[in-house]
Amino acid sequence: MNLEGRKFIVNKSSKELSELLKKPENYKEFMPDGLNKFESREDGFKFGLQGMPEIALKIDEVTEDKAVLKSASSSLDFALTAVMKPLNENQTEVQMLFEGKFNPFIKMMVEKPLQNFINTLSDKMEAYK
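In this text, all values refer to a predicted model and were calculated from it rather than measured experimentally.

**What to know about the overall build of the protein**
Then step 1. Each helix and strand in the protein was counted, giving two helices and eight strands.
Then step 2. Whereas a compact globule of 129 residues would reach a radius of gyration of roughly 14 Å, the protein reaches 14 Å, a difference of no more than 12%.
Then step 3. Along the three orthogonal principal directions, the C-alpha set of the protein runs to about 45 × 25 × 25 Å.
Then step 4. In the protein, which comprises 129 residues, the share counted as buried stands at 39%.
Then step 5. Per element, the accessible surface of the protein, about 7600 Å² overall, is 48% carbon and sulfur.
Then step 6. Distance from the positive charge centre (19 side chains) to the negative charge centre (21 side chains) of the protein: 2 Å.

Structure (structure tokens):
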């Protein structure tokens, strides 16, 4: 299952943005409303939203052109990637991409909430100062 967020612009250089995305505690700023729990860890974070199970993510790779988060659970196989393209020294174009391997039943259950999550992450990152 592949999902794409819209392309948006963050008013930070790709270097500043990648430094921000290397630190697990910074992801709390981008979480949707309804966040019940957020725990940063050394290599990632765990969060819970109302009406959804908790999700643990590990920061797999962060460079100036992408940040990759992967599932910390061996029972779920997915990656959420923020593709970053510098526009100038103060702006970076970003697009969130989700790639997951789910059975058809799970896909049916998670596709809409995941798309909403990606859209919210995009909105919060775009508004980040």
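**Some remarks on helix H1 (residues 14–21)**
Then step 1. Among the residues of H1, Ser 14, Leu 17, Ser 18, Leu 20 and Leu 21 are the ones counted as buried. Viewed along the axis of H1, the buried residues span an arc of 155°, placing them on a single side of the element.

**Some details on the packing of aromatic side chains**
Then step 1. In this structure the tally under the stated criterion is nine aromatic pairs.
Then step 2. Note on Phe 98 and Phe 102: the rings are 6.1 Å apart at their centroids and 20° apart in plane angle, and the pair reads as stacked.
Then step 3. Since its relative accessible area comes to 3%, Phe 98 is described here as buried.

**Structural notes on the pattern of salt bridges**
Then step 1. Evaluation of the coordinates by the stated rule reveals eleven salt bridges.
Then step 2. Counted as one network, the salt bridges with shared partners bring together Lys 37, Glu 39, Arg 41, Lys 46 and Glu 54.

**Remarks on the pairing of strand S4 (residues 44–49)**
Then step 1. In terms of burial, S4 is largely enclosed, as five of its six residues are buried.
Then step 2. Direction of pairing for strand S3 (residues 35–40) relative to S4: antiparallel, over a ladder of five bridges. The residue bridging Glu 39 from the neighbouring strand is Lys 46, located in S4.
Then step 3. Between S3 and the antiparallel strand that follows it, S4, lie three residues.
Then step 4. Where S4 meets strand S5 (residues 55–62), four bridges bridge the pair, whose relative direction is antiparallel.

**Observations concerning the side chain of Gln 95**
Then step 1. Within the element layout of this structure, Gln 95 appears in strand S8 (residues 91–101).
Then step 2. Within the local environment of Gln 95, its side chain forms a polar contact with the side chain of Glu 4, the two groups lying 3.4 Å apart.
Then step 3. Those residues in contact with Gln 95, other than ones at most four positions away along the chain, are Glu 4, Gly 5, Arg 6, Lys 7, Thr 81, Ala 82 and Val 83.

**Thoughts on the environment of Asn 90**
Then step 1. Along the polypeptide, Asn 90 turns up in the loop between strand S7 (77–88) and S8.
Then step 2. On a C-alpha basis, the gap between Asn 90 and Lys 15 in space is 9.7 Å, while along the polypeptide they are 75 residues apart.
Then step 3. If sequence neighbours within four positions are ignored, Asn 90 has contacts with Val 10, Asn 11, Lys 12 and Ser 13.

What counts and what doesn't
Residues numbered from 1 in each chain as written. Predicted model: local features only at pLDDT ≥ 70, side-chain atom pairs only at ≥ 80, totals over all residues. Heavy atoms only, no water. Helix = DSSP H or I, 4+ residues; strand = E, 2+ residues; numbered from the N terminus. Rg over C-alpha atoms; globule rule 2.2 N^0.38 Å. Buried < 20%, exposed > 50% of the residue type's maximum accessible area, 1.4 Å probe, protein only. Areas by Shrake-Rupley, 256 points an atom, 1.4 Å probe, with all protein chains shown as cover. Lys, Arg positive; Asp, Glu negative; His and termini not counted. Charge placed at Lys NZ, Arg CZ, Asp CG, Glu CD. Arc of directions from axis to C-beta. Phe/Tyr/Trp six-rings, centres within 6.5 Å; stacked < 30°, edge-to-face > 60°. Salt bridge = Lys/Arg side-chain N within 4 Å of Asp/Glu carboxyl O. Pairing = 2+ DSSP bridges. Polar contact = N/O pair within 3.5 Å; in protein donor to acceptor, adjacent residues only side chain to side chain. Contact = heavy atoms within 4.5 Å.

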